[in-house]
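One letter stands for each residue in the lines below.
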Amino acid sequence: MAMFKCLQQVQINQCNAKLVTGLDSLKKSLATLGVHQSTSTIKDVLIPAASSISQWKTEEETQDYLTSTVVPTWSTVTTADFSHNHIQHIDESLKLIPKVEFLSLSHNEITTLEHLQHLSSLTHLDLSHNSLTTVEALHTRIGNIKTLNLAGNKLETLEGLCKLYSLVTLDVGHNSIYQVSDVKHIGSLPCIESILLAGNPVTMVTDYRTKVLATFNDRSKEVCLDGAPTSQKEQDTVAVLQAIQKAKLAKEKDSKRHHKKLHAASIADADSADTASTASSISQGIDVLSTSEEHLRFEVEALRQQGGENWLTAFNVRQEDPQ
């Protein structure tokens, strides 16, 4: 391909990508790259000489070039389609297409998401029909994404998508999402306009559409679910559900506040009871002391009358032997 130095689009279909020579000569002109049924790794396409390079770095990286081969980036590629291959891992060669905006890795065998953070310009990502079971903290990898296709995987929750604040269109059809609560994680996304859930067990839930739409709160009427816009009847039902939910939350809040007051009152009552008990005990002790003192005074007076000057000796003898 070295003779086509101004070529802007290349499609490689049902051909071993390793056998395609001169592809890297198009790095300064190619805008669209498509490779289908032709590779098991992305590296074999983006670094044709990968088998002969032990260590490599891009031009932008500042590591020690004495031990690493510098590989120029595909600086003009904005669309990369690696769908329908046998790719199992997303390798670090993705950093060689830093300007890519649309990336398709659908219909592969991918189980984990790696190295996507190198694609700062990425806005459209297709990962449909792979073997993904989780997408945790996806915003740390594709924070600027607008369109995301995760259909045909093995996802059970959308929790990892809760901070994709730029997301407009989401396809998670034909996964393993069972509960409406698993959809709530994307309910607060400010830009979401379309979501596809068809083919998930959650669609069998009674009043599925209105319950899912209700998770988007005040934006429910702006969301298109499974290709159908929200009808007026659904909007009315959603409004009722939201009113019931708000009333329930208000009741729970009042109940908690009431329990706190009761708890505080019970503590105050207990403190008062303890104080009263202590006061009573002290009073009883004083009464006992008063009685004892009066008895002692009477005894001393009797000894003084009986013993005369020797009353103190008689008193000490009685104290040592009360009998």
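Everything in this summary refers to the structure shown in the same document. Treat the numbers as computed from the prediction; the structure is a model and nothing was measured. (Residues numbered from 1 in each chain as written. Predicted model: local features only at pLDDT ≥ 70, side-chain atom pairs only at ≥ 80, totals over all residues. Heavy atoms only, no water.)

## Focus on the overall build of the protein
Then step 1. Counting its regular elements, the protein contains four helices and twelve strands.
Then step 2. The burial tally for the protein puts 35% of its 323 residues in the buried class.
Then step 3. The long-range share in the protein, meaning contacts at least 24 apart out of those at least 6 apart in sequence, stands at 42%.
Then step 4. Summed over its atoms, the accessible surface of the protein is roughly 19,000 Å², and 53% of this surface lies on carbon and sulfur atoms. (Helix = DSSP H or I, 4+ residues; strand = E, 2+ residues; numbered from the N terminus. Buried < 20%, exposed > 50% of the residue type's maximum accessible area, 1.4 Å probe, protein only. Contact = heavy atoms within 4.5 Å. Areas by Shrake-Rupley, 256 points an atom, 1.4 Å probe, with all protein chains shown as cover.)

## Topic: the nonpolar core
Proteins that are soluble and globular tend to have nonpolar side chains buried together.
Then step 1. Membership of the largest hydrophobic core comes to 65 residues, with the highest contact counts inside it found for Phe 82, Leu 103, Leu 148 and Leu 161.
Then step 2. Within the residue set of this core, elements represented by two or more residues are β1 (9-13), β2 (32-36), α1 (43-46) and α2 (208-214).
Then step 3. The biggest single contributor to this core is α2, with four residues.
Then step 4. Aside from chain neighbours lying at most four places away, what touches Leu 148 is Leu 125, Leu 138, Ile 142, Leu 161, Leu 164, Leu 167, Thr 169, Leu 170 and Asp 171. (Core = buried A, V, L, I, M, F, W, Y, C linked by side-chain atoms within 4.5 Å.)

## Focus on the pattern of salt bridges
Then step 1. Counting across every chain of the model gives four salt bridges.
Then step 2. When the shortest N-O distance is used, the salt bridge between Asp 44 and Lys 18 registers 3.8 Å. Of this pair, Asp 44 sits in helix α1 while Lys 18 sits in the loop between β1 and β2; the two residues are 26 residues apart in sequence, bridging distant segments of the chain.
Then step 3. For the salt bridge of Glu 234 with Arg 209, the shortest nitrogen-to-oxygen distance reads 2.5 Å. One end of the pair, Glu 234, is in helix α3 (residues 232-307); the other, Arg 209, is in helix α2, and 25 residues separate them in sequence.
Then step 4. You can call Glu 234 buried: its relative accessible area is 14%. (Salt bridge = Lys/Arg side-chain N within 4 Å of Asp/Glu carboxyl O.)

## Re the sheet that holds strand β9 (residues 169-171)
Then step 1. Read from one edge of the open sheet, ten strands run β1-β2-β5-β6-β7-β8-β9-β10-β11-β12, paired in mixed fashion. Each end of this open sheet is capped by a strand with a single partner; those strands are β1 and β12 (228-229).
Then step 2. As defined by bridge partners, β9 adjoins strand β10 (residues 194-196) across three bridges and the pair is classed as parallel. What sits directly across from Asp 171, in β10, is Leu 196. (Pairing = 2+ DSSP bridges.)

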